[in-house]
Amino acid sequence: DLFPELHDGRRALRPGLAVEVIEPVRGALVEGEDVVFREDDHRGDLLERLAGDALQLAYQREPRPIFLFNVGQTFRKAGRYADAIAAYKRFVQAAPEHPLVSEARGYETTLAVLVEQLARTSQIEISLVDKQAEAERVRQNLMVQQRQTEEAQRALAAEKAKQKKIYSRPWF
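Residues numbered from 1 in each chain as written. Predicted model: local features only at pLDDT ≥ 70, side-chain atom pairs only at ≥ 80, totals over all residues. Heavy atoms only, no water.

Q: With reference to specific residues and values, describe the packing of aromatic side chains.
A: The final tally for this structure, using the stated rule, is 3 aromatic pairs. On the basis of an interplanar angle of 55° and a centroid distance of 5.4 Å, the ring pair of F69 and F91 is categorised as tilted. Placement of the pair is F69 in helix 3 (residues 65-78) and F91 in helix 4 (residues 81-94), with a sequence separation of 22 residues. In terms of burial, F69 and F91 fall into one category: buried. Connected via pairs of aromatic rings, a cluster forms that spans F69, Y88, F91 and Y107. R76 extends its terminal NZ or CZ atom over the ring of Y107, reaching a point 4.2 Å from the ring centre. (Phe/Tyr/Trp six-rings, centres within 6.5 Å; stacked < 30°, edge-to-face > 60°. Helix = DSSP H or I, 4+ residues; strand = E, 2+ residues; numbered from the N terminus. Buried < 20%, exposed > 50% of the residue type's maximum accessible area, 1.4 Å probe, protein only. Lys NZ or Arg CZ within 6 Å of the ring centre and 35° of its normal.)

Q: Outline the nonpolar core, listing residues and values.
A: Core analysis: the biggest nonpolar cluster contains 18 residues, and Y88, F91 and A104 have the highest contact counts within it. Those elements giving two or more residues to this core turn out to be helix 2 (46-61), helix 3, helix 4 and helix 5 (101-162). With residues up to four places along the chain from it excluded, the contact list for Y88 reads F69, G72, Q73, R76, A104, Y107, E108 and L111. (Core = buried A, V, L, I, M, F, W, Y, C linked by side-chain atoms within 4.5 Å. Contact = heavy atoms within 4.5 Å.)

Q: So what's going on with the side chain of Q73? Which residues, and what values?
A: Looking at the secondary structure, you find Q73 in helix 3. In this structure Q73 comes out as buried when scored by relative accessible area, which is 13%. Once residues lying within four places of it in the same chain are set aside, the contact partners of Q73 are Y88, E103 and Y107.

Q: Give a detailed account of the pattern of salt bridges, specifying residues and quantitative values.
A: In total, this model carries 5 salt bridges according to the counting rule given. Residue E62 is joined to R64 by a salt bridge in which the shortest nitrogen-to-oxygen separation is 3.7 Å. In this structure, E136 engages R139 in a salt bridge whose closest nitrogen and oxygen atoms are separated by 2.7 Å. Linking E136 with R139, this pair stays in helix 5, spanning 3 residues, or about one helical turn. When its relative accessible area of 33% is taken as the criterion, E136 is described as partly exposed. (Salt bridge = Lys/Arg side-chain N within 4 Å of Asp/Glu carboxyl O.)

Q: Now, about helix 5: what can you tell me, with residues and values included?
A: End to end, helix 5 covers 91 Å across 62 residues, agreeing with the expected 92 Å (1.5 Å per residue, within 8%). Among all positions of helix 5, only V101, A104, E108 and L111 are buried. Summarising the contacts, the buried residues of helix 5 are in contact with helix 3 and helix 4. (Expected span 1.5 Å × (residues − 1).)

Q: Before we move on, could you go through the packing of helix 3 against helix 5 and cite the residues and values that matter?
A: The interhelical angle for the contact between helix 3 and helix 5, taken along N-to-C directions, is 30°, at an axis separation of 11 Å. Both helix 3 and helix 5 take part in a crossing whose hand is left-handed. The residues of helix 5 that touch helix 3, namely those facing F69, Q73 and R76, are E103, A104, Y107 and L111. By residue class, the composition of the contact of helix 3 with helix 5 is 4 nonpolar, 1 polar and 2 charged. (Axes fitted to C-alpha atoms, helices over the stretch in contact; angles between N-to-C directions. Left-handed = near helix turned anticlockwise from the far one by under 90°. Nonpolar A, V, L, I, M, F, W, Y, C, P; charged D, E, K, R; others polar.)

Have a look at this one:
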């Protein structure tokens, strides 16, 4: 088991398996020979973020295709969709007869659609932000024009007040 549960319910990563991944991460505690992740880590699920990288290292050391499937699973759950798709593809290539191949292909297809939808959503959001900025510029221009019109009307009213008629009643 790559991530055995300790006596107090926390999860550990056995040393030597993915030390290169764990060492730079603060928030991990070393207890005896195990690297332990705190449950109160508010930077996201640290174990989930590192599990895919740890499994890739495990696959490099012991090429078992199930590691690639699990890499895809952890990347998918961590929101690293492009990495998950690549891992599922590698799994299918490494073990085309494995019982989980159809599931991996399903995840691959679903994630590809999701990535495409996220890209479209991002483009729409960028377009919306651009349109909102343009609308704000138009609003600012209209406000300037309105102020100029009001100033011109005040100036005209002042000019008319200066040119008051001398006579208030008509002569005839």
